[in-house]
Amino acid sequence: MSLSFSDEMIVTSTRDLTPADRAQEATLNAEDRVVAALEDGSAYPDALVEATGLARSTVKNKINALKKAGRVETTGEIRGQMEQVQLVDLRTRPIKEKSAKPTPDTSTVPGLFADPPDWLVTQLKVYRKNPARHKKPLCAAVAAVVLGDGARAPEVADEVERALEENTQS
């Protein structure tokens, strides 16, 4: 907003802030100020210090954090010991593909035992040391995952027993 004064009136008008204006905005956090300054284009850290009014160490820390987050990258230009940085154009970045490994089926006891998660592998090791003592806790853990309620352990006990037998035979 800008104000103009005359003898007879005060006139207010609004205008959009440029990225450079936003970089100086004290109400923004340091990271947002660095990003705003980079919206005008690539820059060296010293130019970002000047554009944002932040301390050099703060700017360097924010650049590193933004690099780690994948929001800023170096341009390859170096001046002295400073690297020029720019915002990453997310529109040109490939979308990361999901792992080719299928998600294990945890909706059934056989599915859970077919590709057991780490916690189940550990639980099975404990069970094998003393089956009589650890069968109920094993069934409770399986029921918690498959049925959403560990108290329903008796409902999965027979299936767990079959899965344990198959697991022992293979």
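Just above sits the structure.
As the structure is a prediction and not an experimental result, all values here were calculated from the model. Position numbers for residues start from 1 in each chain and track the written sequence from start to end. Where local features are concerned, this predicted model is filtered to residues with pLDDT of at least 70; where side-chain atom pairs are given and counted, the filter is 80 or more; whole-chain, interface and lining totals use all residues. Processing note: side-chain calculations cover all non-hydrogen atoms of the structure and skip hydrogens and water entirely.

Engineer: Sorry if this is basic, but what is going on with the overall build of the protein here?
Structural biologist: The way it works is that DSSP assigns letters per residue, a run of H or I at least four long becomes a helix, a run of E at least two long becomes a strand, and they are numbered from the N terminus. The helix and strand tally for the protein stands at 8 helices and 4 strands. Reading the helices (α) and strands (β) of the protein from amino to carboxyl end gives β-β-α-α-α-α-β-β-α-α-α-α. The buried label applies to any residue whose accessible area, calculated with a 1.4 Å probe on protein chains only, is under 20% of its type's maximum; exposed applies above 50%, and partly exposed to all values in between. Out of the 170 residues in the protein, the part that is buried amounts to 25%. We call two residues in contact when some of their heavy atoms are within 4.5 Å. In the protein, once contacts between residues fewer than 6 apart in sequence are set aside, the share between residues at least 24 apart is 37%. Computed with the Shrake-Rupley method and a 1.4 Å probe, the accessible areas treat only the protein chains shown as cover for residues. For the protein, the exposed area adds up to about 11900 Å²; of that, 50% sits on carbon and sulfur atoms.

Engineer: Even after reading the chapter, I still don't get the packing of helix H2 (residues 30-38) against helix H4 (residues 56-68), so can you show me in this structure?
Structural biologist: Pairs of packed helices are described in terms of their axes, by the angle between the two and the distance that separates them. The geometry of H2 relative to H4 is characterised by a closest axis approach of 9 Å and an angle of 80° between their N-to-C directions. Our classification of the angle between H2 and H4 gives roughly perpendicular. The residues of H4 that touch H2, namely those facing Ala30, Glu31, Val34 and Val35, are Thr58, Lys62, Ile63, Ala65 and Leu66. All amino acids are sorted into three groups, where Ala, Val, Leu, Ile, Met, Phe, Trp, Tyr, Cys and Pro are nonpolar, Asp, Glu, Lys and Arg are charged, and the leftover types, Gly among them, are polar. For the contact of H2 with H4, a count of residues per class yields 6 nonpolar, 1 polar and 2 charged. Every axis in this analysis is a line fitted to C-alpha atoms, fitted for helices over the stretch in contact. Angles between the N-to-C directions lie between 0 and 180 degrees. These descriptions rest on fixed angle ranges, namely under 35 degrees for roughly parallel, over 145 for roughly antiparallel, 65 to 115 for roughly perpendicular, and the rest for oblique.

Engineer: What exactly am I supposed to notice about helix H6 (residues 118-129) here?
Structural biologist: Because an α-helix completes one turn every 3.6 residues, residues spaced three or four positions apart along the sequence face the same direction. Expected span of a helix: the number of residues minus one, times 1.5 Å. Its 12 residues place the ends of H6 17 Å apart at the C-alpha level, agreeing with the 16 Å of an ideal helix rising 1.5 Å per residue. For H6, every residue scored as buried is listed here: Leu120, Leu124 and Tyr127. Relative to the axis of H6, the buried residues are bounded by an arc of 60° and lie together on one face. Opposite its buried face, H6 presents the exposed residues Asp118, Lys125 and Lys129, each directed more than 90 degrees away. An arc is given here, and it is the one of the directions from the helix axis to the C-beta atoms.

Engineer: Can you help me understand the pairing of strand S3 (residues 72-79) in this one?
Structural biologist: Remark: a regular strand shows side chains that alternate across the two faces of the sheet. When DSSP finds two or more bridges between a pair of strands, those strands are recorded as paired. Across 5 bridges, the pairing between S3 and strand S4 (residues 82-87) is antiparallel. Paired with Val72 across the strands is Leu87, a residue of S4. Counting the residues between successive antiparallel strands, the hairpin from S3 to S4 contains 2 residues, one of them, Gly80, with a positive phi of roughly 65°.

Engineer: Please explain the pattern of salt bridges as it appears in this structure.
Structural biologist: Pairing between side chains of opposite charge can happen when the charged atoms of each approach one another. We define a salt bridge as a side-chain nitrogen of Lys or Arg found within 4 Å of a carboxyl oxygen belonging to Asp or Glu. Enumeration over the complete set of coordinates arrives at 5 salt bridges. Arg56 is paired through a salt bridge with Asp46; the nearest N and O atoms lie 2.3 Å apart. Of this pair, Arg56 sits in helix H4 while Asp46 is found in helix H3 (residues 45-52), placing the two residues 10 residues apart along the sequence. Taking relative accessible area as the criterion, Arg56 reaches 42% and is therefore assigned partly exposed. A salt bridge links Arg152 to Glu155, with the shortest nitrogen-to-oxygen separation between them at 2.8 Å. Given the relative accessible area of 31%, Arg152 is considered partly exposed.

Engineer: For this particular structure, what's the right way to read H2?
Structural biologist: Extensive coverage of H2 is indicated by the burial of 7 of its 9 residues. Every buried residue of H2 is listed here: Ala30, Arg33, Val34, Val35, Ala36, Ala37 and Leu38. The opening residue of H2, the one whose side-chain oxygen lies 3.1 Å from the backbone nitrogen of Glu31, is Asn29. Within 3.5 Å is the distance limit for a polar contact, defined as a pair of N or O atoms, with the added protein rule that one can donate a hydrogen and the other accept it, and that residues adjacent in sequence qualify only through two side-chain atoms.

Engineer: What is the right way to read a nonpolar patch on the surface from this model?
Structural biologist: Think of a patch as exposed residues, more than 30% relative accessible area, with no salt bridge, where like charges cluster within 9 Å and nonpolar side chains (Val, Leu, Ile, Met, Phe, Trp, Tyr) cluster within 5 Å. The grouping of Leu3, Phe5 and Ile10 at the surface amounts to a nonpolar patch, some 360 Å² of accessible area in total. With respect to the helices, strands and loops of the structure, Leu3 is situated in strand S1 (residues 2-5).

Engineer: Please clarify how the packing of aromatic side chains should be interpreted in this entry.
Structural biologist: Any pair of Phe, Tyr and Trp rings, taking the six-membered ring for Trp, is counted once the centres come within 6.5 Å. Such a pair is stacked with planes under 30 degrees apart, edge-to-face with planes over 60 apart, and tilted for the rest. A full pass over the atoms with the stated rule returns 0 aromatic pairs. Should the NZ of a Lys or the CZ of an Arg lie within 6 Å of a ring centre and within 35 degrees of the ring normal, that charge is described as sitting over the ring. The lysine or arginine in question, Arg79, covers the ring of Tyr44, its NZ or CZ lying 3.9 Å from the ring centre.

Engineer: Before we go on, may I ask you to explain the nonpolar core in this structure?
Structural biologist: It is characteristic of soluble globular proteins that their nonpolar side chains tend to be buried jointly. Formed by 17 residues in total, the largest nonpolar core has its most connected members in Val109, Phe113, Leu138, Val142 and Val160. Within the residue set of this core, elements represented by two or more residues are helix H5 (109-114), H6, helix H7 (131-146) and helix H8 (153-169). The element contributing the most residues to this core is H8, with 6 residues. Leave out the neighbours within four places in its chain, and Val160 touches Val109, Phe113, Leu138, Cys139 and Val142. If you look at the next biggest cluster of nonpolar residues, it comprises 13 residues, including Ala30, Val35, Leu38 and Val85. Take the buried residues of types Ala, Val, Leu, Ile, Met, Phe, Trp, Tyr and Cys, join any two whose side-chain atoms come within 4.5 Å, and each joined set is a nonpolar core.

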